[in-house]
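# Examination of the molecular architecture
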Protein chains: 2
Amino acid sequence: MIGVNPLALEQQVCFALYSASRAVTAAYRPLLAPLGVTYPQYLVLLVLWEHGTRSVRDLGEALHLDSGTLSPLLKRLEASGLVTRARAAEDERQVRVGLTDAGWELRERAVEIPAQLHDATGVDDETLAALHRACHALIEESQR
Amino acid sequence: MIGVNPLALEQQVCFALYSASRAVTAAYRPLLAPLGVTYPQYLVLLVLWEHGTRSVRDLGEALHLDSGTLSPLLKRLEASGLVTRARAAEDERQVRVGLTDAGWELRERAVEIPAQLHDATGVDDETLAALHRACHALIEESQR
DNA sequence: CCTCTTTAGGTTGCGCACAATTGAATCGCG
DNA sequence: CGCGATTCAATTGTGCGCAACCTAAAGAGG
C-alpha cells in the first residue's frame, strides 16, 4: 500500500499494549482498593501467597522488577502490616519477605478478584488466551 | 481441574500484559534515547506528527491520559525545544500544542523506529496481529 | 589470611500515571 | 444580561519503574 504512515498511532501495537495494560490496571483498582493495596503490591502478594517467604531477589525475578522498585514498595506493604522483612541469618545480604497473619487472611478476600475482573472486562476466553500467548512470546523474546 | 490456584501469578493475563508492556517500553528506550525523548513523549509526538497542532484535551483523548500526566510532560517537551504551547485566542481555556521545526525534523529520524523495533522483538506478524486485536478488544470494553 | 570480585539490597533522582483540587474561561438557561 | 454549571488546564500528593550509585556481606584466588 502506498502512503501508509509507519508512525500512525493507532496501528502501533506498542500503543495498544500500553493502553490495554493501563486499562486492566485501572479495572483492578476498584477491586483492590477495599483491600488497601495497589496493583503492583497485589502482584507481590500473589508471589508470596503462592510460594511463601521469598527474598527480595526472588520477588524481583518473578515480577521482573529491581530493588529500586521493590524496596520502597515492600516498606509500604510492611507499614500496612501485610508482610515482614528480615535479614536472613545464613546470608545477611538477603532480606526475607514473609506474610503476616493479616497478609494471609487477605488472600481469602482476594480469591474472588480474578473472576470478578473476568466478568467485568467481558472479553471472551479465546481472545484472552490469544492475548496471553502473544504477551508471553514478547516477554520470551525480550529476555534474550 | 481440581486444585487450580486462581491466584497463580503466571496464569494471570493481567500480569502477562503488564510485563509485556514494560518489556516493549524497555525495547523502545535505546531507540528513543538518541532522539532525547521518553516513550510517552514519543506517543505525544506521534499524535502531533499525524494531526498537527492539538489541544491538551485532544492529546489526552488520543492517548487516554489526563492533564495531570500531560501538563508536566508537555513542559518537558517544550523545554527540549520540540513543541510550543500557547493559549488559544478563540478559547483561552485551551492550550494549543504544536511542533517546532526541531520537532518536525525529529520525525525523519523516528520513521525508522517501528521497523527497528519489529526486527528487534522477532515476534511473527500473526502473533502481533492477534495481540493488537486482543488489546483493542480490552480497550473497547474498558471504555464502557 | 588478605585482597579482588560478585551479589544483595537500599538510596537518590527523574519521569510517568492518576486522584483530587483549584482557578479561569466559556456556556446555557432563565 | 446575569449567574450557576461546565469545560479546560494546571497543581499537589502518592506510588510506581528504572538508571545510577552506594554499602555491606559473601565467595574466590593466591
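Coordinates for the structure precede this section.
Below is a short write-up of the structure.

Conventions we followed
Residues numbered from 1 in each chain as written. Chains lettered and ligands numbered in written order. Predicted model: local features only at pLDDT ≥ 70, side-chain atom pairs only at ≥ 80, totals over all residues. Heavy atoms only, no water. Least-squares fit on C-alpha atoms with pLDDT ≥ 70 in both. Contact = heavy atoms within 4.5 Å. Helix = DSSP H or I, 4+ residues; strand = E, 2+ residues; numbered from the N terminus. Pairing = 2+ DSSP bridges. Axes fitted to C-alpha atoms, helices over the stretch in contact; angles between N-to-C directions. Buried < 20%, exposed > 50% of the residue type's maximum accessible area, 1.4 Å probe, protein only. Arc of directions from axis to C-beta. Salt bridge = Lys/Arg side-chain N within 4 Å of Asp/Glu carboxyl O. Core = buried A, V, L, I, M, F, W, Y, C linked by side-chain atoms within 4.5 Å. Parallel < 35°, antiparallel > 145°, perpendicular 65-115°, else oblique. Left-handed = near helix turned anticlockwise from the far one by under 90°. Nonpolar A, V, L, I, M, F, W, Y, C, P; charged D, E, K, R; others polar.

Each copy of the sequence occupies a distinct position, and chain B is placed on chain A by a rotation of 180° and an axial shift of 0.0 Å, giving an RMSD of 0.0 Å. The two molecules are tied by a two-fold rotation axis, judged by turn and shift. The position closest to the rotation axis in chain B is occupied by the C-alpha of Leu131(B), lying 2.7 Å away. Mapped onto chain A, 100% of the interface residues of chain B again fall at the interface, so both copies present the same surface.

This part is about the environment of Gly103(A). Checked against the element boundaries, Gly103(A) lands in helix α5 (residues 101-110). Setting aside residues no more than four positions away along its own chain, Gly103(A) makes contact with Trp49(A) and Leu82(A).

Let's shift gears to the sheet that holds strand β2 (residues 83-87) of chain A. Residues and elements named next belong to chain A. Strands sit in the order β1-β3-β2 across an open sheet of 3 strands; the sheet is antiparallel. What marks the edges here is a single partner per strand, and that holds for β1 (54-55) and β2. The pairing of β1 with strand β3 (residues 95-99) spans 2 bridges and is antiparallel. Residue Ser55 lies in a different strand from β3, and its bridge partner there is Arg96. Most of the contacts of helix α4 (residues 67-79) go to β2, to which it runs at about 120°, and overall it touches β2 and β3.

Right, let's talk about helix α6 (residues 113-121) of chain A for a bit. Spacing of three or four residues puts side chains on the same side of an α-helix, whose turn is 3.6 residues. All of the buried residues in α6(A) are Ile113(A), Pro114(A), Leu117(A) and Thr121(A). An end-on view of α6(A) places all buried positions within 100° of arc, on one side of the element. Contacts made by the buried residues of α6(A) are with α1 (13-32), α2 (39-51) and α5 of chain A together with α7 (125-142) of chain B.

Evaluation of the coordinates by the stated rule reveals 6 salt bridges over all chains. Among the ionic pairs, Glu78(A) bridges to Arg85(A), the shortest N-O distance being 3.2 Å. The closest approach of N and O atoms between Arg57(B) and Glu61(B), which form a salt bridge, is 2.8 Å. Here Arg57(B) and its partner Glu61(B) are both found in helix α3 (residues 56-63), 4 residues apart, which amounts to about one turn of the helix.

Okay, the nonpolar core next. Membership of the largest hydrophobic core comes to 94 residues, with the highest contact counts inside it found for Tyr42(A), Leu131(A), Tyr42(B) and Leu131(B). Setting aside residues up to four positions removed in sequence, Leu131(B) forms contacts with Val13(A), Leu17(A), Leu131(A), Ala134(A), Cys135(A) and Leu138(A).

As a further point, take the packing of α1(A) against α7(B). Interaxial distance between α1(A) and α7(B) falls to 9 Å at its minimum, and their mutual angle equals 40°. One way to sum up the angle between α1(A) and α7(B) is to call them oblique. Here α1(A) runs over α7(B); the crossing is left-handed. Only Leu128(B), Leu131(B), His132(B), Cys135(B), Leu138(B), Ile139(B) and Ser142(B) of α7(B) make contact with α1(A), whose side of the interface consists of Val13(A), Ala16(A), Leu17(A), Ser19(A), Ala20(A), Ala23(A) and Val24(A). Looking at the contact of α1(A) with α7(B) residue by residue, the class counts come to 11 nonpolar, 3 polar and no charged.

The next point concerns the packing of helix α2 (residues 39-51) of chain B against α3(B). All names here are of chain B. Where α2 contacts α3, the two axes come as close as 10 Å, and the packing angle between them is 110°. Our classification of the angle between α2 and α3 gives roughly perpendicular. Both α2 and α3 take part in a crossing whose hand is right-handed. Within the contact between the two elements, α2 uses Leu43, Val44, Val47 and Leu48 and α3 uses Leu59, Ala62 and Leu63. Classifying every residue of the contact of α2 with α3 by side-chain character gives 7 nonpolar, no polar and no charged.

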